[in-house]
Amino acid sequence: MTQRALISVAFALTLACGPAADEADEAVSAGGAESALVASPADPHSFSRPEEVVVRHLELDLKLDFEAKRIHGTAALGIEKTTAADQLWLDTRGLEIERVALGDGSAETTFTLTDELPTFGRGLAIDLEPGTERVVIDYVTDPGAEAVQWLSPAQTAGGEHPFLFTQSQAILARTWVPIQDTPGVRFTYEATVQAPPGLMAVMSAENPTERSADGRYTFAMPQAIPSYLLALAVGDLEFRAMGPRTGVYAEPAVVEAAAWEFAETEAMMDATEALYGPYRWGRYDILVLPPSFPFGGMENPRLTFATPTIIAGDRSLVALVAHELAHSWSGNLVTNATWNDFWLNEGFTSYIENRIMEAVEGPEYAEMLRSLSLQDLESEIEELGAESADTHLFLNLAGRNPDDGMNSVAYDKGAALLRLLEETAGREAFDAFLLDYFERLAYQSTDTGGFVAALKDALPDAAAAVDLDAWIYGPGLPDNFPKPESGAFGAVEAELARWREGEAAAARLDTAGWTTHEWLHFLRTLPAGLSGEQLAELDAAFGFTAAGNAEIQAAWFEVAIRDGYAPAFDALEEFLIQVGRRKFLKPLYTELAKTEEGLSWATEVYAKARPGYHSVSTNTIDDILGWTAR
Ligand code: BES
Ligand code: ZN
């Protein structure tokens, strides 16, 4: 390719992927013959062109330098050409590309990088020979690589060893591996990882259960996965089996509690298989990370990554395990083709999560979870605005960081649509449809149109009855939203009313047998404007400030901030410094930022807490607080 053409590609890509996507379309169509050089419009978040040359296999060799916070990597890519194209296009971000070679790695080749785009990074175009089947890239990651968090010993439960974990979804894999970073491409992989001796490395692959003496580990992942499911963690880890196919990895101080908390996992697997067909990934293990992990859970194949904040001591938060396990069908097996179709991953998964919880805990429990999910959805829609395009199921995230458009609408509105379809078609028919859908599309990606077509084909009457267009391409909550029975929390509301009306002191309320969910409902329905005395009474009766349960603590802190309950603020500060889970941080910092005093307190705490957060969380909180580097 000529230099001129390359520059033109880089320019067109800059526009196509940048914030000005509309202008890009014009520039591209005005570009005449050269418009053919522009990356496929299939995935607006990737520079790759899998329709020309596609990656089928990855061999990774990684050396971890904890001192310098760098990974020295070699990525050998097995590729397949479907056209006469003479370049392989990959995504990179912050990677220093040291050398690229073809075949066995001895024949060096030339390559070009596009200009750097914020969020998307740089496209890497590698020149190929006619028969090239393998490309070998030597590279180094940046210490600020967004996928990777390097933890100091102080950030771990044991306090003695460093820890590392990656988070690739949605488009962060490119910050630690040069790859076609789009959910539309799948590849198998193998890896060798050199970790500090004494620590254990685990990946989204077949994993060791014992430490190696020299810190060297090899991995194989025989099932093809998209790049966002590439994952690695290294730390002072131990393994405990739970069932024949399930186990936990965690730091020694945590592993026992984790194995107890997640003991129902094997039963959840059996329940899911009975509904949607065989589990196709071999083992299902759970890795419990240090509290800075920015998500509740991440469905890395064979090894779900999880926050320690779901270890409540009473198994009350294991719906999260059901959720990540459900992704073994919806998401990991049948994958959203682009991030605009994110609801296909998360809406299906949230629906299946609820079916698993129904199978394991019974229909009333599942109903209660649906009530909480409806509350989440209503407040999310209120926050986004009922007419906001971000409340559509099918999103338009072109030119944006997909992370900014991913909210609970995909989860809760998506799950509600599937619930409505289930109620309309009948459970038996709908279950048969999903079973067949997973069977036919296993190990493939599909988009919203693909789902609609499959549904219309299999269940035409139900598809016609629900107004799919309003649900998928329209805003807010459609009128035929399937409402959960409101009775789930009736007892909680009755007790709260007794307290508010002065019939009973807090300590005399009947809260026996309440689980985390009842407490969450109680805290969420407390009216605003309670006095310091009232809050102190609740706190003394129920120990919210010092609760061992992070969900309850976080919900209480929201109340404490809203009503200015000072005695909770020391614990709140400690919580904000300890816990990096974005779902908790976002509402707390948002509530704090509502007043000048709160904002200034929050900014001070954030200055201490921020170095311990993952980039996923700092990106969100920086915006809320208007944080600029100091
Ligand atoms: N895949 C998601 C996490 C995710 C979404 C990472 C988008 C990056 C971008 C995971 O399955 C998830 O949904 N986690 C939830 C838990 C769940 C029970 C709703 C979370 O972390 O809160
Ligand atoms: Zn999910």
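Computed from a predicted model, the values in this text were never measured in an experiment.

A.B. asks: Account for the overall build of the chain, naming residues and giving values.
C.D. replies: Counting secondary structure elements, the chain contains 21 helices and 21 strands. The C-alpha radius of gyration of the chain comes to 25 Å, within 12% of the 25 Å expected for a compact globule of 630 residues. Its C-alpha atoms give the chain principal-axis dimensions of roughly 85 × 60 × 55 Å. Each of the 630 residues in the chain was classed as buried or not, and the buried ones make up 59%. For the chain, the accessible surface area stands at approximately 24,100 Å², while carbon and sulfur atoms represent 50% of it. Between the centroid of the 43 positive side chains of the chain and the centroid of its 97 negative side chains there is a distance of 2 Å.

A.B. asks: Could you give an account of empty space enclosed by the protein, with specific residues and numbers?
C.D. replies: A full pass over the atoms with the stated rule returns 3 cavities of 30 Å³ or more. Forming the boundary of the largest cavity are 13 residues, of which Leu172, Asn401, Asp403, Val616 and Asn619 lie nearest the centre. Going through the elements one at a time, helix H8 (402-405) and helix H21 (615-625) are the ones with two or more residues in the lining of the largest cavity. Split by domain, the lining of the largest cavity shows at least three residues from each of two domains, domain 1 (18-143 + 160-227) and domain 2 (337-473). As for the second largest cavity, its lining consists of Ser330, Gly331, Val334, Thr335, Asn336, Leu344, Phe348, Tyr437, Phe438 and Thr446. Listed by contribution, the elements that provide at least two residues to the lining of the second largest cavity are strand S20 (334-336), helix H6 (342-361) and helix H10 (427-440). Residue contributions to the lining of the second largest cavity peak at 3 residues, all from S20. For the lining of the second largest cavity, a count of residues per class yields 5 nonpolar, 5 polar and no charged.

A.B. asks: So what's going on with the sheet that holds strand S4 (residues 96-102)? Which residues, and what values?
C.D. replies: Strand order in the open sheet made by the 7 strands is S5-S4-S8-S2-S1-S11-S13, with mixed pairing throughout. At either end of the open sheet lies a strand with only one pairing partner, and these are strand S5 (107-108) and strand S13 (216-226). Note: S4 against strand S8 (residues 134-140), 6 bridges, orientation antiparallel. Paired with Leu102 across the bridge in S8 is Val135.

A.B. asks: Describe unusual backbone geometry, listing the residues and the values that go with them.
C.D. replies: Cis peptide bonds are those with omega within 30 degrees of zero, and the linkage from Gln169 to Ala170 qualifies with 0°. Relative to the helices and strands, Ala170 resides in the loop between strand S10 (163-166) and strand S11 (186-194). Of note in this structure, Lys69 is not a glycine but carries a positive phi near 55°. Mapped onto the elements of the fold, Lys69 is located in the loop between strand S1 (53-65) and strand S2 (70-81). Classification of Lys69 by relative accessible area gives partly exposed; the value is 38%. If you check the backbone angles, Thr119 has positive phi at about 70° while not being a glycine.

A.B. asks: An account of the site of ligand 1 is needed here, citing residue identities and associated values.
C.D. replies: Close contacts around ligand 1 come from 16 residues, with Gln169, Gly296, Glu299, Glu324 and Tyr411 the closest. One of the backbone N or O atoms of Gly297 is found 3.2 Å from a nitrogen atom in ligand 1. Look at ligand 1: alone it shows 520 Å² of surface, and the protein chains cover 88% of it. Contributions of two or more residues to the shell around ligand 1 are made by strand S18 (297-298), helix H5 (319-326) and H6. For the shell around ligand 1, the element with the most residues is H5, which contributes 3 residues. Within the shell around ligand 1, the residues separate by chemical class into 6 nonpolar, 6 polar and 4 charged.

A.B. asks: Could you give an account of the environment of Val55, with specific residues and numbers?
C.D. replies: Structurally, the position occupied by Val55 is in strand S1. Each C-alpha atom, one on Val55 and one on Ala453, is 28 Å from the other, the two residues being 398 residues apart in sequence. When near neighbours in sequence (up to four residues on either side) are disregarded, Val55 contacts Leu77, Gly78, Ile79, Leu88, Leu90, Ile179, Gln180, Val185, Arg186 and Phe187.

A.B. asks: Describe the nonpolar core, listing the residues and the values that go with them.
C.D. replies: Across soluble globular proteins, nonpolar side chains show a tendency to be buried alongside one another. Among the nonpolar cores identified, the biggest contains 203 residues, and Phe451 and Tyr589 are the most heavily contacted of them. Considering every element that reaches this core, the biggest residue donor is helix H17 (residues 550-562), with 9 residues. Both of domain 1 (18-143 + 160-227) and domain 2 (337-473) provide at least three residues apiece to this core. The contact partners of Phe451, leaving out residues within four places of it in the chain, are Trp343, Leu344, Phe348, Leu418, Leu421, Phe433, Tyr437 and Thr446.

A.B. asks: How would you explain the domain arrangement of the chain if you had to name every residue and give the values?
C.D. replies: Under the domain assignment used here, the chain contains domain 1 (18-143 + 160-227) and domain 2 (337-473). Here the C-alpha centre of domain 2 lies 30 Å away from the C-alpha centre of domain 1. Every contact between the two is made by 17 residues of domain 1 and, on the other side, 16 residues of domain 2. Taking both sides of the interface into account, the surface hidden between domain 1 and domain 2 amounts to around 1,300 Å²; carbon and sulfur atoms contribute 61%. Across the domain 1-domain 2 interface, the total number found is 4 residue pairs in polar contact (both at pLDDT 80 or more). Of the residues in the side of domain 1 that touches domain 2, the class split is 8 nonpolar, 7 polar and 2 charged.

A.B. asks: Just give me the short version of the side chain of Thr511, but keep the residues and values in it.
C.D. replies: Note that Thr511 resides in the loop between helix H14 (490-500) and helix H15 (516-524). Every residue in contact with Thr511, bar those within four places of it in the chain, is listed here: Trp519 and Phe542.

A.B. asks: Please set out the coordination of the zinc ion (ligand 2) residue by residue, giving values where relevant.
C.D. replies: In an ideal tetrahedron of four donors about a metal, each angle is 109.5 degrees. In an ideal octahedron of six donors, the angles are 90 or 180 degrees. The protein atoms that coordinate the zinc ion (ligand 2) are His323 (NE2), His327 (NE2), Glu346 (OE) and Glu346 (OE), at distances of 1.9 to 2.7 Å. In this structure, the zinc ion (ligand 2) is coordinated by 6 donor atoms arranged in irregular fashion, with angles at the metal of 53 to 160°. Binding-site remark: the zinc ion (ligand 2) is held by donors from one chain whose sequence spacing is H-x3-H-x18-E. Taken together, the positions of His327 in the loop between H5 and S20 and Glu346 in helix H6 put the pair 19 residues apart, joining distant regions of the chain.

A.B. asks: Help me get a handle on the packing of aromatic side chains, residues and values and all.
C.D. replies: Applying the stated criterion across every chain, the model contains 39 aromatic pairs. Consider the rings of Tyr279 and Trp329, whose centres lie 5.8 Å apart with planes at 55°: the pair is tilted. Separated by 50 residues along the polypeptide, Tyr279 in the loop between helix H4 (265-276) and strand S17 (284-288) and Trp329 in the loop between H5 and S20 bring together distant segments of the chain. Relative accessible area serves as the criterion here: at 8%, Tyr279 is assigned to the buried category. Ring centres of Phe293 and Phe295 lie 6.4 Å apart, and the angle between their planes is 70°; this geometry places the pair in the edge-to-face category. Overall, Phe293 belongs to the buried group, its relative accessible area being 0%. Among the aromatic residues, ring-to-ring pairing joins Tyr276, Trp343, Phe348, Tyr351, Phe430, Phe433, Tyr437, Phe438 and Phe451 into one connected group. Above the ring of Trp260, the side-chain terminus of Arg315 is found at 3.8 Å from the ring centroid. Between Arg581 and the ring centre of Phe584, over which it is positioned, the NZ or CZ distance is 4.8 Å.

Here is what the cut-offs are and how they apply
- Along each chain, numbering runs from 1 in the same order as the chain's sequence is written.
- As a convention, the first chain written is A and the first ligand written is 1, with the rest following in written order.
- With the structure being a predicted model, the display of local features is reserved for residues of pLDDT at least 70 and the display and counting of side-chain atom pairs for 80 or more, all residues being used for whole-chain, interface and lining totals.
- Hydrogens are left out, water is left out, and the side-chain values use all remaining heavy atoms of the structure.
- Put simply, DSSP marks the helices as runs of H or I at least four residues long and the strands as runs of E at least two long, and each gets a number from the N terminus on.
- Radius of gyration means the value over C-alpha atoms here, while the globule rule gives 2.2 Å times the residue count to the 0.38 power.
- Buried means the residue's accessible area, taken with a 1.4 Å probe over protein chains only, is under 20% of the maximum for its type, while exposed means over 50%, and partly exposed covers the values in between.
- Calculation of accessible area relied on Shrake-Rupley with a 1.4 Å probe; when residues are assessed, cover is drawn exclusively from the protein chains displayed.
- The charge count includes Lys and Arg as positive and Asp and Glu as negative, but it does not include His or the ends of the chains.
- For this purpose, a charge sits on NZ of Lys, CZ of Arg, CG of Asp or CD of Glu.
- Residues are said to line a cavity or pocket when one of their atoms sits within 4 Å of a point; the points come from a 1 Å grid over protein atoms alone, cavities being sets where a 1.4 Å probe fits but cannot get out and pockets being open sets with protein on both sides within 12 Å along at least five of seven lines.
- Grid points are joined across faces, edges and corners, and a volume is the space filled by probe spheres set on the points.
- Just so you know, the domain bounds were taken from an automatic or database domain assignment.
- The residue classification treats Ala, Val, Leu, Ile, Met, Phe, Trp, Tyr, Cys and Pro as nonpolar and Asp, Glu, Lys and Arg as charged. All others, Gly included, are polar.
- Each pair of strands is called paired provided DSSP finds at least two bridges between the two strands.
- Consider each residue's heavy atoms; a residue with any of them within 4 Å of a molecule or strand counts as near.
- As used in this structure description, the phrase polar contact means that two N or O atoms lie within 3.5 Å; if the pair is within protein, one of them must be able to donate a hydrogen and the other to accept it, and residues adjacent in sequence are counted only when both atoms belong to side chains.
- The contact rule is simple, with two residues in contact once any of their heavy atoms fall within 4.5 Å.
- Among buried residues, the Ala, Val, Leu, Ile, Met, Phe, Trp, Tyr and Cys ones that are joined through side-chain atoms within 4.5 Å form a nonpolar core.
- What gets called buried area is simply the loss in accessible area from a 1.4 Å probe that two parts show on being joined, summed for both.
- Each metal's donors are the N, O and S atoms found within 2.8 Å of it, except that Na, K and Ca use a 3.2 Å limit; water is left out, so coordination can look incomplete.
- Square planar and octahedral assignments, for four and six donors respectively, both demand that opposite donors be over 155 degrees apart and that all other angles lie between 65 and 115; tetrahedral needs four donors with all angles between 85 and 135 degrees, and anything else is irregular.
- Put simply, two rings from Phe, Tyr or Trp (the six-membered ring, in Trp's case) pair if the centres are within 6.5 Å, and we call them stacked under 30 degrees between planes, edge-to-face over 60, tilted for the rest.
- Two conditions define a charge located above a ring, namely a distance within 6 Å from the ring centre to NZ of Lys or CZ of Arg, and an angle within 35 degrees of the ring normal.

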